[in-house]
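Examination of the molecular architecture
Below, each chain spelled out in residue letters.
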Amino acid sequence: MKLSECNTSFKGEIKEVLESEFDSKLMEYGIIPGAELVVLNKAPFNGPIYISIGSQKIAIRKEEASFITLK
Amino acid sequence: MKKLHVALIGNPNVGKTTLFNRLCGVNQKTGNYPGVTVDKKVGKFKHLDFQIEVTDLPGFDSIYPKSMDEELVVNYLKNNSGKNHIEKVIFVADGTNIKKNLYLLSQVKDLGYDIVLAINLIDIAKRKGIQIDTRYLSKKFGIHVVEISARKGEGVDELKSALLLRSPETKADDLKYLREENHEILQSFVQENKAQNMYTAFLSITQDNTLPEVNVKKWKSEEAILRYQFVRKVLDKSIRIDKSLATDTTSRIDSILMHPVGGYIIFLGVLLVIFQSVFSLASYPMGWIEIFFSWFHDSAQLILAPGSFTSFITEGLIPGIEGVVIFVPQIVILFFFFAILDESGYMNRIIYLMDRLMQKVGMSGKSVVPLISSFACAVPAIMATRTIENKRERLITILVAPLLTCSARLPVYTILIGLLVPNTMLFGFVSVQALVLLAMYLLGIVTSILAAFIFKYLIKNEYRSFFITEMPRYLLPSIKNVFFTIWENTKAFIWNAGKIIVAASIILYVLGTNGGEKYRNTEQFVQSKYPELSQTELAPKISSYELEHSYLGMMGKSIEPAIIPLGYDWKIGIALISSIAAREVFVGTMSIIYSIDSEEDLSIMQKLEKETNSNTGKPTFNFATCISLLLFYAFSLQCMSTIAVTYKETKSIKWTGIQFLYMTILAYVVSFVAYQILV
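Treat the numbers as computed from the prediction; the structure is a model and nothing was measured. (Residues numbered from 1 in each chain as written. Chains lettered and ligands numbered in written order. Predicted model: local features only at pLDDT ≥ 70, side-chain atom pairs only at ≥ 80, totals over all residues. Heavy atoms only, no water.)

**Comments concerning the interface of chain A and chain B**
On the side of chain B, 41 residues touch chain A, which itself brings 35 residues to the contact. Of the roughly 3400 Å² buried where chain A meets chain B, counting both sides, 56% is carbon and sulfur surface. It is Glu28, Tyr29 and Arg61 of chain A that lose the most area in chain A upon contact with chain B, and together they represent 22% of the buried surface on that side. At the junction of chain A and chain B, the tally comes to three salt bridges. Summed over the shared surface of chain A and chain B, the result is 15 residue pairs in polar contact (both at pLDDT 80 or more). Elements with a minimum of two residues in the side of chain A that touches chain B: helix 1 (23–28), strand 2 (36–42), strand 3 (49–53), strand 4 (56–60) and helix 2 (62–65) of chain A. Residue contributions to the side of chain A that touches chain B peak at six residues, all from helix 1 of chain A. Looking at the side of chain A that touches chain B, its residues break down into 16 nonpolar, nine polar and ten charged. Two strands pair when backbone bridges link them, and strand 4 of chain A and strand 12 (residues 468–470) of chain B are joined in this way by three bridges, in the antiparallel orientation. Paired with Ile60 of chain A across the bridge in strand 12 of chain B is Ile468 of chain B. (Contact = heavy atoms within 4.5 Å. Buried area = accessible area lost by both parts, 1.4 Å probe. Salt bridge = Lys/Arg side-chain N within 4 Å of Asp/Glu carboxyl O. Polar contact = N/O pair within 3.5 Å; in protein donor to acceptor, adjacent residues only side chain to side chain. Helix = DSSP H or I, 4+ residues; strand = E, 2+ residues; numbered from the N terminus. Nonpolar A, V, L, I, M, F, W, Y, C, P; charged D, E, K, R; others polar. Pairing = 2+ DSSP bridges.)

Structure follows, in structure tokens:
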């Protein structure tokens, strides 16, 4: 399942970060395979997704979130 | 005295600026990096027998830059050579959320820098039950580690001393960022190119593609994974969190402030409070400033001997300075709110909520902050666009920001609306004048949205726009930082806009009181034309003839043919010319023109109402002309400070020119159409 398809309060582990122009950018924010995340909130009108990963809280656009798959 | 050059670096929002202010106090100056526009802050302080120079670099998140600010820092760090090279780095980290900081720290360390780690916000971290084993960190990274609270000044002296110490040795377990099977590739690359540093060589491969056979993406993502593994291992052993103390207030506040419906209502409420304060609260100190300046003006007239120097002071210089100072209350209030929103962490939630809507018109959630500042002044707004990573989103934000109603337009609008509609109440409580003013604000907002939408289709997007941002935890804003933000921004406004407005007022006064031959022979000419009039009856004729033939009058006359179709005469022409310096100069010019013109002591509004158009003989400020002028001021880019800052920020004559032209043409066409329909 892709992160972009998750509902609020979904809990899961990252399976893979698909190859893209910004995959290493995502990883620098700690979005790496094996990391656990929680979907905290989703902005309306297909807006960004708000997740917590480790001790960090991150907002990410839906387009980028579709490159993150979950177990 | 021995010298030491230190750079201050770290992720954004870790309190770097607070520490810089704490270290250097007033011994700092802001300059520019060669060729780029990001401010470079340099400060100095003395410690023991060392003179320490500190360069404060903008905050950055990674060695792979995604915005202009970041690119600058990374290039600066990668090319550290020459006379003034960095000898020591203070790496500032946020004690409440150190993981990401340590990731960046390990990258900077691998570049070969001699680092002292300053763990800031330690007071808050301790309150949250976070305990950091600094000795372990020191051993693992091979650096000195100091715990500080820049806000309270704790640990700053230890930090100063640590700068002078030699760093502890590290075991050479380098290359922790590359999978073992690739070590050989990097090592042979280093030997071939005689690179001095392994990590610089690594970056040359991953950033500049110097080894085509390497899968750069793979190397980069493996670096991230390996580094996080390393950082996590270090953190597991060096950080203890007492869970009983750590409550997750942030998540609870977020569920309210980021609510899909409630969040927007709260944001709208926050906006209303800001605008309400900027306009109603500020009106009190603005009234006092007016009273003060009129007292100042009158006493200067009393004390100084009458003559051209005195009238230069009272009619040129004092109104010029007043024109700047009058905006200070609004700017102070606006930046008070911005500082609080930013410090508290709410600003990032606004960015989150607004991102999707702003994307529809080619901008980013991060454009919201500059656009809100535009309601006070476009200059700080355009400077604030630096945080927008995507070039196109940033450019569009810069281009449309001056369309929003800045406070410099307010005095112009106030006068024109006063002439346009009577001060009556609708339904007994809604002021008609306030409604027209509101309509002008809406006009600015709608036009900027339309303009952004058009630019979205005209400007090609070179890079894919992406958006990923960290949400800081909510913090109670520090009074000191709020005060500092207000101080810095107000100072910048007074200096940037002030020097242009004061200079324009002075030039205007000089141009209005000097002229060619006709001007010098005014008295003879008027006397011979009206021989029957007495001396007192002659005086107004003389001043009006003088103004018409002054250099200023000549300039107004020369553009008159172009502005007659808009419903203006040469006197308004003068005001248009002089408000190219800044819009609010319009009011000053009007009062200068008409006080040069008449001896009676009337308010500027009364003077304008009495004025007749020299071409038509009808009142100059009739309905059609007032509307036409309102629209002209709504759209035209009459602000030298904005033009200057757009050039500074875009480094492009082309875009500076496009911004000036599209706004001027828009202003001219709309005013022309409006006047021709209404007249």
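**Observations regarding the packing of helix 24 (residues 551–563) of chain B against helix 25 (residues 570–578) of chain B**
Residues and elements named next belong to chain B. Two elements in contact, helix 24 and helix 25, have axes separated by 7 Å at closest approach and are oriented at 105°. By the angle between their directions, the pair helix 24 and helix 25 is classed as roughly perpendicular. Across the interface between the two elements, Leu552, Gly553, Met555, Gly556, Lys557, Ile559, Glu560 and Ile563 from helix 24 touch Trp570, Gly573, Ile574, Leu576 and Ile577 from helix 25. Residues belonging to the contact of helix 24 with helix 25 are distributed by class as follows: eight nonpolar, three polar and two charged. (Axes fitted to C-alpha atoms, helices over the stretch in contact; angles between N-to-C directions. Parallel < 35°, antiparallel > 145°, perpendicular 65-115°, else oblique.)

**Side note on the nonpolar core**
Residues and elements named next belong to chain B. Counting residues in hydrophobic clusters, the biggest one holds 114 residues, and the most contacted among them are Phe621 and Leu629. Ranked by residues supplied to this core, first place goes to helix 11 (residues 262–303) with ten residues. The residues contacting Leu629, other than those within four sequence positions of it, are Leu416, Tyr568, Ile572, Leu576, Phe586 and Phe621. Counting residues in each nonpolar core, the second largest holds 52 residues, with Phe91, Leu111, Tyr113 and Tyr199 among its members. (Core = buried A, V, L, I, M, F, W, Y, C linked by side-chain atoms within 4.5 Å. Buried < 20%, exposed > 50% of the residue type's maximum accessible area, 1.4 Å probe, protein only.)

**Some details on the packing of aromatic side chains**
Residue and element names in this part refer to chain B. Using the criterion set out here, one finds 19 aromatic pairs over all chains in the structure. Between the aromatic rings of Tyr177 and Tyr199, the centroid separation amounts to 4.8 Å while the plane-to-plane angle is 65°, which identifies the pairing as edge-to-face. Within this pair, whereas Tyr177 is found in the loop between helix 6 (156–164) and helix 7 (183–193), its partner Tyr199 is found in helix 8 (residues 198–208), the two being separated by 22 residues in sequence. Measuring from ring centre to ring centre gives 6.3 Å for Tyr568 and Phe632, while their planes differ by 90°; the resulting arrangement is edge-to-face. Separated by 64 residues along the polypeptide, Tyr568 in the loop between helix 24 and helix 25 and Phe632 in helix 28 (residues 623–635) bring together distant segments of the chain. Across the pair, Phe632 and Tyr568 agree in class, each one buried. (Phe/Tyr/Trp six-rings, centres within 6.5 Å; stacked < 30°, edge-to-face > 60°.)

**Remarks on a positive patch on the surface**
Residue and element names in this part refer to chain B. On the surface, a cluster of positive charge is contributed by Lys139, Lys140, Lys233 and Lys237. Of all elements in the fold, only helix 5 (134–141) and helix 9 (216–238) reach the threshold of two or more residues within the positive patch. Along the polypeptide, Lys233 turns up in helix 9. (Patch = residues over 30% accessible without salt bridge, like charges linked within 9 Å, V, L, I, M, F, W, Y side chains within 5 Å. Areas by Shrake-Rupley, 256 points an atom, 1.4 Å probe, with all protein chains shown as cover. Lys, Arg positive; Asp, Glu negative; His and termini not counted. Charge placed at Lys NZ, Arg CZ, Asp CG, Glu CD.)

**A short note on the sheet that holds strand 4 of chain A**
In spatial order, the strands read 5(A)-1(A)-2(A)-3(A)-4(A)-12(B); together these six strands make up an open sheet with antiparallel pairing. Edge strands, defined here as strands with exactly one partner in the open sheet, are strand 5 (68–70) of chain A together with strand 12 of chain B. Each strand axis lies, on average, 40° off the axis of its neighbour in the sheet, ignoring direction. Across five bridges, the pairing between strand 2 of chain A and strand 3 of chain A is antiparallel. By the bridge assignment for strand 3 of chain A, Lys42 of chain A is matched with Ile49 of chain A. Where helix 14 (residues 346–360) of chain B meets the sheet, its contacts fall on strand 2, strand 3 and strand 4 of chain A together with strand 12 of chain B, and the angle it forms with strand 3 of chain A comes to roughly 135°.

**Topic: the environment of Thr620 of chain B**
Residues and elements named next belong to chain B. Here Thr620 lies in the loop between helix 27 (604–610) and helix 28. Through-space distance from the C-alpha of Thr620 to that of Asp569 is 7.7 Å; in sequence the pair is 51 residues apart. In this structure Thr620 touches Asp569, Ile572, Glu611, Thr612, Asn613 and Thr625, once residues within four positions along its chain are discounted.

**Digging into the environment of Leu57 of chain B**
Looking at the secondary structure, you find Leu57 of chain B in the loop between strand 4 (50–56) and helix 2 (68–78). Taking the C-alpha atoms as reference points, Leu57 of chain B and Leu8 of chain B, separated by 49 residues in sequence, lie 6.0 Å from one another.

**Observations concerning a nonpolar patch on the surface**
A cluster of nonpolar residues, Phe623, Phe660, Leu661, Ile665, Tyr668, Val669, Phe672, Val673, Ile677 and Leu678 of chain B, forms a patch on the protein surface that exposes about 900 Å² of accessible area. Looking at the secondary structure, you find Val673 of chain B in helix 30 (residues 653–678).

**Here we look at the side chain of Asp355 of chain B**
In this fold, Asp355 of chain B is placed in helix 14. Classification of Asp355 of chain B by relative accessible area gives buried; the value is 0%. Leave out the neighbours within four places in its chain, and Asp355 of chain B touches Pro48 and Arg61 of chain A together with Ser364, Gly365 and Phe467 of chain B.

**Some details on the pairing of strand 1 (residues 2–10) of chain B**
If a strand is regular, its side chains alternate between the two faces of the sheet. Residue and element names in this part refer to chain B. The buried fraction of strand 1 is high, at seven of nine residues. When strand 1 meets strand 4, the two strands line up parallel, connected through seven bridges. From the neighbouring strand, Lys2 faces strand 4, where its bridge partner is Phe50.

**Re the side chain of Thr405 of chain B**
Residue and element names in this part refer to chain B. You can see Thr405 is positioned in the loop between helix 17 (391–400) and helix 18 (409–420). In this structure Thr405 comes out as buried when scored by relative accessible area, which is 1%. Setting aside its immediate chain neighbours within four residues, Thr405 contacts Ser374, Phe375, Tyr413, Met440 and Tyr441.

**Thoughts on helix 2 of chain B**
Buried residues of helix 2 of chain B: Asp69, Glu70, Leu72, Val73, Val74 and Leu77 of chain B, and no others. Structurally, helix 2 of chain B contributes buried residues whose contacts are with strand 1 of chain B.

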